[in-house]
Amino acid sequence: MQNEHPFSNEEMRLAELLHQFLALSDDRDIAGRLIFRGPKGEYIGETTLSARDIEAATDALTSVNAYRADLEEAGLKPEAPLPRVDAEAVTDVVAGFEKLLGGE
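Criteria and thresholds
- Residues numbered from 1 in each chain as written.
- Predicted model: local features only at pLDDT ≥ 70, side-chain atom pairs only at ≥ 80, totals over all residues.
- Heavy atoms only, no water.
- Helix = DSSP H or I, 4+ residues; strand = E, 2+ residues; numbered from the N terminus.
- Buried < 20%, exposed > 50% of the residue type's maximum accessible area, 1.4 Å probe, protein only.
- Contact = heavy atoms within 4.5 Å.
- Areas by Shrake-Rupley, 256 points an atom, 1.4 Å probe, with all protein chains shown as cover.
- Pairing = 2+ DSSP bridges.
- 1 Å grid on protein atoms, 1.4 Å probe; cavity = no way out; pocket = protein on both sides within 12 Å on 5 of 7 lines; lining within 4 Å.
- Points joined across faces, edges and corners; volume = space filled by probe spheres on them.
- Nonpolar A, V, L, I, M, F, W, Y, C, P; charged D, E, K, R; others polar.
- pLDDT = per-residue confidence, 0-100.
- Core = buried A, V, L, I, M, F, W, Y, C linked by side-chain atoms within 4.5 Å.
- Axes fitted to C-alpha atoms, helices over the stretch in contact; angles between N-to-C directions.
- Parallel < 35°, antiparallel > 145°, perpendicular 65-115°, else oblique.
- Left-handed = near helix turned anticlockwise from the far one by under 90°.

Draft legend 1. Region of interest: the overall build of the protein. Per the secondary structure count, the protein includes 3 helices and 2 strands. In the protein, the succession of helices and strands from N to C terminus is α-β-β-α-α. When the 104 residues of the protein are sorted by exposure, 24% land in the buried category. For the protein, long-range pairs separated by at least 24 residues make up 54% of all intrachain contacts whose partners lie at least 6 apart in sequence. Working note: accessible area of the protein is about 7600 Å², and carbon and sulfur atoms make up 53% of it.

Draft legend 2. Just the pairing of strand S1 (residues 32–37), in detail. As judged from the 6 bridges shared by S1 and strand S2 (residues 43–49), these two strands associate in the antiparallel manner. Counterpart to glycine 32 in the pairing with S2 is leucine 49. If you look at the hairpin formed by S1 and S2, you'll find 5 residues sitting between the two strands, and glycine 41 has a positive phi there, around 90 degrees.

Draft legend 3. Broad picture of the layout of surface pockets. Approximately 290 Å³ is the volume found for the second largest pocket. In terms of lining residues, the second largest pocket is bounded by 15 residues, among which Leu22, Ser25, Arg28, Thr47 and Thr48 are the most central. Listed by contribution, the elements that provide at least two residues to the lining of the second largest pocket are helix H1 (9–22), S2 and helix H3 (91–101). Ranked by residue count, the leading element in the lining of the second largest pocket is S2, at 4 residues. A per-class count over the lining of the second largest pocket returns 6 nonpolar, 4 polar and 5 charged.

Draft legend 4. Region of the structure containing the confidence of the model for the protein. On average, residues of the protein score 83 in pLDDT, and 81% of them are at 70 or above. For the protein, per-element mean pLDDT is lowest for H3, which scores 75, and highest for S1, which scores 96.

Draft legend 5. Inspection of the nonpolar core at higher detail. Counting 11 residues, the largest nonpolar core consists of Phe7, Met12, Ala15, Leu18, Phe21, Phe36, Ile44, Leu49, Ala57, Val94 and Phe97. Looking at this core, the elements with two or more residues in it are H1, S2 and H3. Considering each element in turn, this core owes the most residues, 4 residues, to H1.

Draft legend 6. A look at the packing of H1 against H3. Interaxial distance between H1 and H3 falls to 11 Å at its minimum, and their mutual angle equals 45 degrees. On the basis of the axis angle, H1 is oblique to H3. Relative to H3, H1 is oriented so that their crossing is left-handed. Residues Met12, Ala15, Leu18, His19 and Leu22 of H1 pack against Val93, Phe97 and Leu100 of H3.

Written out as structure tokens, the structure reads:
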């Protein structure tokens, strides 16, 4: 499925997260699937995950959540969200995702 509009900042953040899931491994033993949709339900992309990928992602997110909780407990602010990006600057990234998801 092709995205027919430039990604918003929120959609771009989801596309970046999707890219990280796609980069976990090339293991084809499918244990789960993720579908990414934007804040208004627009399709961003999807990926499959092996059991090993799910464990790695869970471990990483557990570490991030513990780190943020420790920062908050110490009265510090967690890192700010990603800066806003120019939607036109991500056209090549979107095209690359579409090719990757299309198997090209």
